Amino acid sequence: DAGVIQSPRHEVTEMGQEVTLRCKPISGHNSLFWYRQTMMRGLELLIYFNNNVPIDDSGMPEDRFSAKMPNASFSTLKIQPSEPRDSAVYFCASSHAGGGEAFFGQGTRLTVV
Amino acid sequence: AQRVTQPEKLLSVFKGAPVELKCNYSYSGSPELFWYVQYSRQRLQLLLRHISRESIKGFTADLNKGETSFHLKKPFAQEEDSAMYYCALGTTGGFKTIFGAGTRLFVKA
């Protein structure tokens, strides 16, 4: 398995544009997480899914953020409209349900200008 | 409330010196604790977990339920240990992993 795959690796967009980040979890993992990493706030959990169902989205900062998991092998995190303060590295991670190690993707570095 | 606290944002030590990265947690259930490491321009990866009680790259961490701590220690720091370290809490049922804010370790030559 190639591990958790995220795309794109880098995204630069203008304020107000829609941004879509993509994630392919490790096959067989039931849980999927989206995190945001910034210098000021460290690693924040935005939302997580279990068996494709969103369990807790309390970390999603605003209604501008939305996440979907249409099937076990794909998830998206969308920001619409984007703002400069959304600039961060966004990580996707997956794990087996029931706990244990979380496997991270390489992250998407988002810059909103 | 479930929370992980890493009080130090930055820790700078000389090569060969002992290092301790602090982590405290708040959780009413039975916790599962982890340390993750992120080297420059690499993805986060698991360093060690309290269940396995192992030493990885010379690092150890002991879960102290009385003090609700899971500090990461290494007796002699190496330059290649310079990285970002995150303490993480896995909740009962395991659906959620909560991370601390992270500590950047800088080992000076």
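Details of the structure are given in the entry above.
Predicted model, so just to flag it, every value in this text is computed and none were measured.

Chemist: How do you make sense of the overall build of chain B when you look at a structure like this?
Modeler: Secondary structure summary: chain B contains zero helices and eleven strands in total. Its helices and strands in sequence order give chain B the pattern β-β-β-β-β-β-β-β-β-β-β, from N to C terminus. A compact globule built from 109 residues would reach a C-alpha radius of gyration of about 13 Å, and chain B, at 13 Å, matches this within 12%. The C-alpha extent of chain B, read off along each of the three principal axes, is 40 × 30 × 25 Å. The proportion of buried residues among the 109 residues of chain B is 47%. Taking the intrachain contacts of chain B between residues at least 6 apart in sequence as the baseline, contacts between residues at least 24 apart amount to 58%. Per element, the accessible surface of chain B, about 5500 Å² overall, is 52% carbon and sulfur. Charge centroids of chain B, computed over 15 positive and 9 negative side chains, lie 6 Å from each other.

Chemist: Please explain the nonpolar core as it appears in this structure.
Modeler: As a rule of thumb, soluble globular proteins bury nonpolar side chains together. Ranked by size, the top nonpolar core spans 26 residues in total, and within it W35, L72 and Y85 of chain B carry the most contacts. Going through the elements one at a time, β2 (10-14), β3 (19-21), β5 (32-38), β6 (45-49), β9 (83-90) and β11 (103-108) of chain B are the ones with two or more residues in this core. The greatest single-element share of this core, amounting to four residues, is contributed by β9 of chain B. Counting 21 residues, the second largest nonpolar core, distinct from the first, contains V19, F65, A88 and Y90 of chain A.

Chemist: Would you explain the state of the cysteines in this entry?
Modeler: What we call a disulfide is simply a covalent bond connecting the sulfur atoms of a pair of cysteines. All names here are of chain A. All told, the structure shown has two disulfides over all chains when counted by the stated rule. Here C23 connects covalently by a disulfide to C92, the sulfurs 1.9 Å from one another. Across the disulfide from C23 to C92, rotation about the S-S bond amounts to roughly -65°, and the bridge is consequently left-handed. Here C23 is found in strand β3 (residues 19-24), whereas its partner C92 is found in strand β9 (residues 88-95), with 69 residues between them in sequence.

So, how was this worked out
Residues numbered from 1 in each chain as written. Chains lettered and ligands numbered in written order. Predicted model: local features only at pLDDT ≥ 70, side-chain atom pairs only at ≥ 80, totals over all residues. Heavy atoms only, no water. Helix = DSSP H or I, 4+ residues; strand = E, 2+ residues; numbered from the N terminus. Rg over C-alpha atoms; globule rule 2.2 N^0.38 Å. Buried < 20%, exposed > 50% of the residue type's maximum accessible area, 1.4 Å probe, protein only. Contact = heavy atoms within 4.5 Å. Areas by Shrake-Rupley, 256 points an atom, 1.4 Å probe, with all protein chains shown as cover. Lys, Arg positive; Asp, Glu negative; His and termini not counted. Charge placed at Lys NZ, Arg CZ, Asp CG, Glu CD. Core = buried A, V, L, I, M, F, W, Y, C linked by side-chain atoms within 4.5 Å. Disulfide = S-S within 2.5 Å.

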